[in-house]
Amino acid sequence: QVQVVESGGGLVQPGGSLRLSCTASGSVISSANIEWYRQAPGKQRELVARISSGDTTNYADSLEGRFTISRDNAKNTVDLQMNSLKPEDTADYYCKAEIPVGVHWFTYWGQGTQVTVSS
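First things first, this report covers the structure right here in the doc. None of these values were measured; they are calculated from a predicted model. (Residues numbered from 1 in each chain as written. Predicted model: local features only at pLDDT ≥ 70, side-chain atom pairs only at ≥ 80, totals over all residues. Heavy atoms only, no water.)

1. Let's talk about the pattern of salt bridges
Moving on, step 1. Summed over all chains, the structure comprises eight salt bridges.
Moving on, step 2. Taking the shortest distance from any N to any O, the salt bridge between K86 and E64 comes out at 3.5 Å. In this pair, K86 is assigned in the loop between β8 (77–82) and β9 (91–101) and E64 in the loop between β6 (57–59) and β7 (67–72), connecting sequence segments 22 residues apart.
Moving on, step 3. Of the residues examined, E64 reaches a relative accessible area of 62% and is grouped as exposed. (Salt bridge = Lys/Arg side-chain N within 4 Å of Asp/Glu carboxyl O. Helix = DSSP H or I, 4+ residues; strand = E, 2+ residues; numbered from the N terminus. Buried < 20%, exposed > 50% of the residue type's maximum accessible area, 1.4 Å probe, protein only.)

2. Digging into the state of the cysteines
Among covalent bonds in proteins, the disulfide is the one between the sulfur atoms of two cysteines.
Moving on, step 1. The full count for this structure, using the stated rule, is one disulfide.
Moving on, step 2. Across a sulfur-sulfur distance of 1.9 Å, C22 and C95 are joined as a disulfide pair. Its S-S torsion of approximately -75° makes the covalent link between C22 and C95 left-handed. Highlighted residues: C22 in strand β3 (residues 18–25) and C95 in strand β9, separated in sequence by 73 residues. (Disulfide = S-S within 2.5 Å.)

3. Concerning unusual backbone geometry
Moving on, step 1. Positive phi values are uncommon outside glycine, yet N76 reaches one of about 55°.
Moving on, step 2. One can find N76 in the loop between β7 and β8.
Moving on, step 3. If you check the backbone angles, S84 has positive phi at about 50° while not being a glycine.

4. Some remarks on the environment of K43
Moving on, step 1. Its place among the elements puts K43 in the loop between β4 (33–39) and β5 (46–51).
Moving on, step 2. Since its relative accessible area comes to 56%, K43 is described here as exposed.
Moving on, step 3. When the C-alpha positions of K43 and S17 are compared, they lie 23 Å apart, and in sequence the two are 26 residues distant.

5. Some thoughts on the sheet that holds β8
Moving on, step 1. One open sheet accounts for four strands, arranged β1-β3-β8-β7; its pairing is antiparallel. What marks the edges here is a single partner per strand, and that holds for β1 (3–7) and β7. When strand polarity is set aside, the average angle formed by the axes of neighbouring strands in this sheet is 15°.
Moving on, step 2. Looking at chain direction, β1 and β3 are connected through five bridges and run antiparallel. The partner of V5 across the bridge, within β3, is T23. (Pairing = 2+ DSSP bridges. Axes fitted to C-alpha atoms, helices over the stretch in contact; angles between N-to-C directions.)

Everything listed here is a matter of geometry and, on its own, says nothing about what the molecule does.
Shown next as structure tokens:
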């Protein structure tokens, strides 16, 4: 059984930084495609960043280089470093893991971690 868990959310002032972590218990995250999504109240869930199993990264254009996704195999995590945070970054952030099991791929969602950017 695989469980995806996010951590690192919280309250931060505009211009501050947060580092979110995603881990998948029961699996090796180094083999996974990992995506970070966010969803604010009244809005659709949007893709923020992606790192493939081959460590190719992609970001939403609107981030303007403020976020960085990376993999830490020693910790079995994928992290999202968020810098220069803006109030519009306020949302629940979710980790989605696509994990290979044999010749099959399975998708797992974490329960989310809240990020609030406010003075």
